[in-house]
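The lines below spell out each chain.
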Amino acid sequence: MNLNDALFKYSIRLGDTSLILAQRLSEWTGHGPFLEEDLALTNITLDIFGRAKSLLEYAAKIEDKGRTEDDLAFLRTDREYFNALITEQPNGDYAKTIMRQAFIDCFDLLFYTALAKSKDETLAGIATKSIKEITYHKRHSFSWVMRFGNGTEESHTRLQQGFDEVWAFTEELFEMNEVDEVLLKEGIAVDLSALKPLWLKEITELLDKANVQIPEGVYMQKGSRKGIHSEHLGYILAEMQSLPRMHPNAKW
Amino acid sequence: MDSARILNLLSEIPDPEIPVISIVELGVSRKVESEGKTVSVIITPTYSGCPAMKQMEDDVRKKLLENGFDTVNISMNYSPAWTTDWLSEDAKLKLQKYGIAPPEEKTSDKSFLTGKIKSVTCPRCKSKNTLMVSQFGSTACKAFYQCKDCLEPFDYFKCI
């Protein structure tokens, strides 16, 4: 795999992960538990959509085949998508959405902080921008994990259930393949294996404070690095892509 | 046309969401260069997903085309990342008069780094007895506060 291929695939992976997460989170718009939370999650979603746009725009530029970020978002099929499986999982109730978001915010802050030192200037620039935003996102999701975990018996039960449904998708975030190997040598990619203990430490501390139990021996799901997804991604794409596919080249 | 004059033109463009300050005061326009009738402008987004960026781009293009240029190249630059530290004291005063509490500190402040936000001053009655209702307000760049003395709810321009 040459450097250009690897850089394209890396940007696509990061862009897709942001895009599918944002698309999922946007389902809450107008349905949040109360007005301030609705606004909070919508704002967070917007930041993540913005990051997706920057990353896919860069991927399109590296590919240099005349495709735009919109072509990449709206005209690829599920097997051509490389978003992490955790992002496509259904929102469930608010506790599950928040639990998933806390896992991702914690990972993203570590990841983009490291990516800000990348030798690729564009990725480093996008990362520097994202750190500021993710800091706010993480403060939000972590504080809600604490409130749910230490709230009522019901809020605690729901948080634990949300955790049980999402936990199996967390290990995949740290999976590396040939793309990472090629880019690590060039000082472009982030060494995910170095992030894992840091992530685990922070998450374990948070879950301790929220009285959530981490079960042992959970089978960890993988597949997205090869474009293999859970059944949920097809439905997300069907909804997200319906308009541009029905009306090709339509303009606002 | 020299850069100073181009910047003067851009200073006439209001922020689409906070019309009391210009995009130059906001710190969105980073660099301008021109040669003959061609002008290049580098802009940087306030927030990654700020929906006003497209509007700002269109406004910059329109303004420059109306003022003698026939080719306008606008490019987006992410580094250095936009920060509220770039808001001038004058711009902060304008925000306050408009009813938005301006950022209270520099991003290099210790309280910012530890996440302990300083007390925010109510833009209407200037009381420091205020309460954060939500870290997220009407737009990405603002948090939502309420004054406990005059009871007015207001937006606070977050420090990033």
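Residues numbered from 1 in each chain as written. Chains lettered and ligands numbered in written order. Predicted model: local features only at pLDDT ≥ 70, side-chain atom pairs only at ≥ 80, totals over all residues.

Caption draft 1: Seen up close, the overall build of chain A. Each helix and strand counted, chain A has ten helices and zero strands in total. Listing the helices and strands of chain A from first to last along the sequence gives α-α-α-α-α-α-α-α-α-α. At 18 Å, chain A has a C-alpha radius of gyration in line with the 18 Å of a compact globule built from 252 residues. When its C-alpha atoms are laid out on the principal axes, chain A stretches across 55 × 45 × 35 Å. Relative to its 252 residues, chain A shows a buried fraction of 45%. Within chain A, contacts between residues separated by at least 24 positions form 76% of all contacts whose residues are at least 6 apart in sequence. (Helix = DSSP H or I, 4+ residues; strand = E, 2+ residues; numbered from the N terminus. Rg over C-alpha atoms; globule rule 2.2 N^0.38 Å. Buried ≥ 20, exposed ≤ 12 C-beta atoms within 10 Å, placed from the backbone. Contact = placed C-beta atoms within 7 Å.)

Caption draft 2: Inspection of the sheet that holds strand E6 (residues 142-147) of chain B at higher detail. Residues and elements named next belong to chain B. Ordered in space as E4-E7-E6-E5, the four strands form an open sheet in which the pairing is mixed. Looking at the sheet topology across the chains shown, the edges are occupied by strand E4 (100-101) and strand E5 (130-134). Bridge count between E5 and E6: four bridges; the pairing is antiparallel. By the bridge assignment for E6, Met-132 is matched with Tyr-145. (Pairing = 2+ DSSP bridges.)

Caption draft 3: Seen up close, the sheet that holds strand E1 (residues 29-35) of chain B. Residue and element names in this part refer to chain B. Taken in spatial order, the three strands make up an open sheet running E1-E2-E3, and their pairing is mixed. The sheet is open, and its two borders are formed by E1 and strand E3 (71-76), each paired with just one other strand. For this sheet, the mean angle separating the axes of adjacent strands, direction not counted, is 15°. Of the strand pairs in this sheet, E1 and strand E2 (residues 38-43) are connected by six bridges, and their pairing is antiparallel. The residue of E2 that forms the bridge with Glu-35 is Thr-38. Strands E2 and E3 of the sheet are contacted by helix H3 (residues 52-65), whose axis makes an angle of about 155° with E3. (Axes fitted to C-alpha atoms, helices over the stretch in contact; angles between N-to-C directions.)

Caption draft 4: Structural view of the interface of chain A and chain B. Counting from both sides, the interface comprises 22 residues of chain A and, opposite them, 16 residues of chain B. At the level of secondary structure, the elements contributing two or more residues to the side of chain A that touches chain B comprise helix H2 (35-63) and helix H6 (121-149) of chain A. Considering every element that reaches the side of chain A that touches chain B, the biggest residue donor is H6 of chain A, with twelve residues. In the side of chain A that touches chain B, the residues fall into seven nonpolar, seven polar and eight charged. (Nonpolar A, V, L, I, M, F, W, Y, C, P; charged D, E, K, R; others polar.)

Caption draft 5: The arrangement of the packing of helix H1 (residues 3-26) of chain A against H2 of chain A in detail. All names here are of chain A. Look at H1 against H2: their axes get within 8 Å of each other, and the N-to-C directions meet at 155°. As the angle between them shows, H1 and H2 are arranged roughly antiparallel. Note on packing geometry: the crossing formed by H1 with H2 is left-handed. (Parallel < 35°, antiparallel > 145°, perpendicular 65-115°, else oblique. Left-handed = near helix turned anticlockwise from the far one by under 90°.)

Caption draft 6: Representation of the domain arrangement of chain B in the model. Residues and elements named next belong to chain B. Domain annotation for chain B reports domain 1 (3-76) and domain 2 (87-157). Taking only C-alpha atoms, the centre of domain 1 and the centre of domain 2 are 27 Å apart. Across the boundary between the two partners, domain 1 contributes ten residues, which contact ten residues of domain 2. Each residue belonging to the side of domain 1 that touches domain 2 can be placed in one class, and the counts come to five nonpolar, three polar and two charged. (Domains from an automatic or database assignment.)

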